[in-house]
Structures are given as structure tokens and as C-alpha cells.
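Now for the letters of each chain:
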Amino acid sequence: MADPTQPSIKHAVHEDVPEILALIKELASYEKADDKVLATEDSLKRTLTFDPSGTSSHTNKGFAKTLLIRLPSSPTHDGDQSQAVAGMAMYFNNYSTWRAKPGVYLEDLFVRPQYRKRGYGKMLIQALAQEVLKIDGARLEWCCLRWNEPSLQFYDSLGAKQMTDWVSLRVDGKELEDLAMGRTKALKS
């Protein structure tokens, strides 16, 4: 039986979508990007994979999974609510061609400010490392904003290495449409 004084980490179920959206918005606020969130409950329901143990019969095979860390059922901190969601790790599978193995890409790790310094971020990262091992994966990867020095120090303490030889690239919005339709300079020539 689980220790009621310890937090629990489980994959999100369909009914957790409102909480996931709230966490996404809180993360965006922390990153000073409130206006960038386009996610809705409906879009999350369509695109996330959920643990089938929820009360819903929803069986969507989405593109990403979410681990939620909940406060203990018998909280030890004043003001904590039993089983309240303290944070999340949203991730999806990637692939290493050189190793011919799957991996996990951490899209977002977020612990609500009032629950930080309790080890919850470490617990979520450890749970993700366990997910990598479950699939006989090669690695766990993620990105971090350069200005987020506390997180960079935290990740360094976990043994994560910065990939300074690599540059992250992205195509989205109109540029993505132009690329898909062959309207970029390189595809026109």
C-alpha cells in the first residue's frame, strides 16, 4: 500500500484535462508568454494519450502523455489539500537513428510555485527516466530557456548535459504552411 504521506505520480486520465490546461497556463505565465497559449480542453482531449483507468471510456491514442504529481492523501504541510495536483511532466516518444532505440522527449516540466523545493521536480524527472527504461530507450531529452538559470542548475545536478553543439530549429505558423505547400525560397528554386 502506498504511503499516504508521500506524493503520487500517475499518468493523467481524461478527467484531468482541466487541471492540465491550468498547469499549461501557469507555466506560460512563468515564462512570460501568457498570450501564446492556444491549447483548449477540447484540443488537449483530442491530442493527449490518457491512462485508461479513469472513469471515462475515452481511448484516444494521442501524441503526448502527461505525468501528474499529486500531493499526499495525508498532507504534511499546512494548507495543502489532499491529492491536489502539484505539477506535471508532459512528454512524447522520439527516436535515435544511430542507436536504433526510442527515447522520451520532455516537452514541459512544471511544478506549481507553492510546491517547489519539495523534490517534486526530481520525482517527475526520475519517473520519466523510468519510462525510458520501460521502453528500452536510449535517452531522455528536453530544452530549457537560457534565462531560466535555476532550472539549468537543477538539470545539471541531475546529470543532464547541455547540448551546446546543437541548435534548436522550428517551423510554425505561416512558415510551416509555406513549407508544406512548397512556397519557401529553397523549394521554389
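By the naming in an unreviewed UniProt entry, the chain is N-acetyltransferase domain-containing protein, taken from Oleoguttula mirabilis. In its Sequence similarities (unreviewed entry) section, the UniProt entry covering the chain states "Belongs to the acetyltransferase family."

A. Spatial organisation of unusual backbone geometry. The residue Q83 is not glycine, and still its phi comes out positive at about 65°. Residues other than glycine seldom take positive phi values, yet K117 does so here, at roughly 70°. The topology assignment puts K117 in the loop between strand 4 (101–111) and helix 3 (120–134). You can call K117 exposed: its relative accessible area is 86%.

B. Focus on the sheet that holds strand 5 (residues 140–142). Strand order in the open sheet made by the five strands is 1-2-3-4-5, with mixed pairing throughout. Edge positions in the open sheet fall to strand 1 (8–11) and strand 5, since each of these has one partner strand only. Each strand of the sheet is rotated relative to its neighbour by a mean of 30°, with strand direction disregarded. As defined by bridge partners, strand 2 (residues 65–70) adjoins strand 3 (residues 85–96) across six bridges and the pair is classed as antiparallel. Residue T66 lies in a different strand from strand 3, and its bridge partner there is M90. Of the strands in this sheet, strand 1, strand 2, strand 3, strand 4 and strand 5 touch helix 3, which is tilted by about 165° from strand 4.

C. Quick peek at a nonpolar patch on the surface. On the surface, a nonpolar cluster with roughly 340 Å² of combined accessible area is contributed by V171, L176, L179 and L187. Relative to the helices and strands, L176 is located in helix 5 (residues 173–180).

D. A look at the environment of S157. If you trace the backbone, S157 turns up in helix 4 (residues 149–157). As for S157 and K122, which are separated by 35 residues in sequence, their C-alpha atoms are 9.9 Å apart. Of note is the side chain of S157, whose polar atom sits 2.6 Å from the backbone oxygen of F154.

E. Up close: the pattern of salt bridges. Applying the stated criterion to the full structure yields nine salt bridges. Note that E26 and R112 form a salt bridge whose closest N and O atoms lie 2.8 Å from each other. One end of the pair, E26, is in helix 1 (residues 17–30); the other, R112, is in the loop between strand 4 and helix 3, and 86 residues separate them in sequence. Residue E26 is classed as partly exposed on the basis of its relative accessible area of 28%. Looking at R112, the relative accessible area reads 9%, which means it is buried. Each of the salt bridges in this network shares a partner with another, and the network as a whole consists of E19, E26 and R112.

Reading the values: rules and limits
In every chain, residue numbers begin from 1 and rise along the written sequence. Confidence filtering applies because this is a predicted model: local features only for residues at pLDDT of at least 70, side-chain atom pairs given and counted only at 80 or more, and all residues used for totals across whole chains, interfaces and linings. The side-chain quantities take in all heavy atoms of the structure and omit both hydrogens and water. UniProt positions are given in the numbering used here, feature names are shortened, and annotations may be inferred rather than shown by experiment. Secondary structure is summarised from DSSP: a helix means a run of H or I of at least four residues, a strand means a run of E of at least two, and numbering begins at the N terminus for each. Exposure categories follow from relative accessible area, calculated using a 1.4 Å probe and restricted to protein chains: below 20% of the type maximum is buried, above 50% is exposed, and the middle band is partly exposed. Should DSSP find at least two bridges between two strands, the strands are taken to pair. Here the axes come from fitting lines to C-alpha atoms, over the contacting stretch only for helices, and the angles between their N-to-C directions go from 0 to 180 degrees. By the convention used here, residues are in contact when the closest approach between their heavy atoms is within 4.5 Å. Like charges are joined within 9 Å and nonpolar side chains (Val, Leu, Ile, Met, Phe, Trp, Tyr) within 5 Å, but only among residues with over 30% relative accessible area and no salt bridge; these make up the patches. Each accessible area is a Shrake-Rupley result for a 1.4 Å probe, and residues are judged covered by the shown protein chains and nothing else. Salt bridges are defined as contacts in which a side-chain nitrogen from Lys or Arg sits within 4 Å of a carboxyl oxygen from Asp or Glu. Within 3.5 Å is the distance limit for a polar contact, defined as a pair of N or O atoms, with the added protein rule that one can donate a hydrogen and the other accept it, and that residues adjacent in sequence qualify only through two side-chain atoms.

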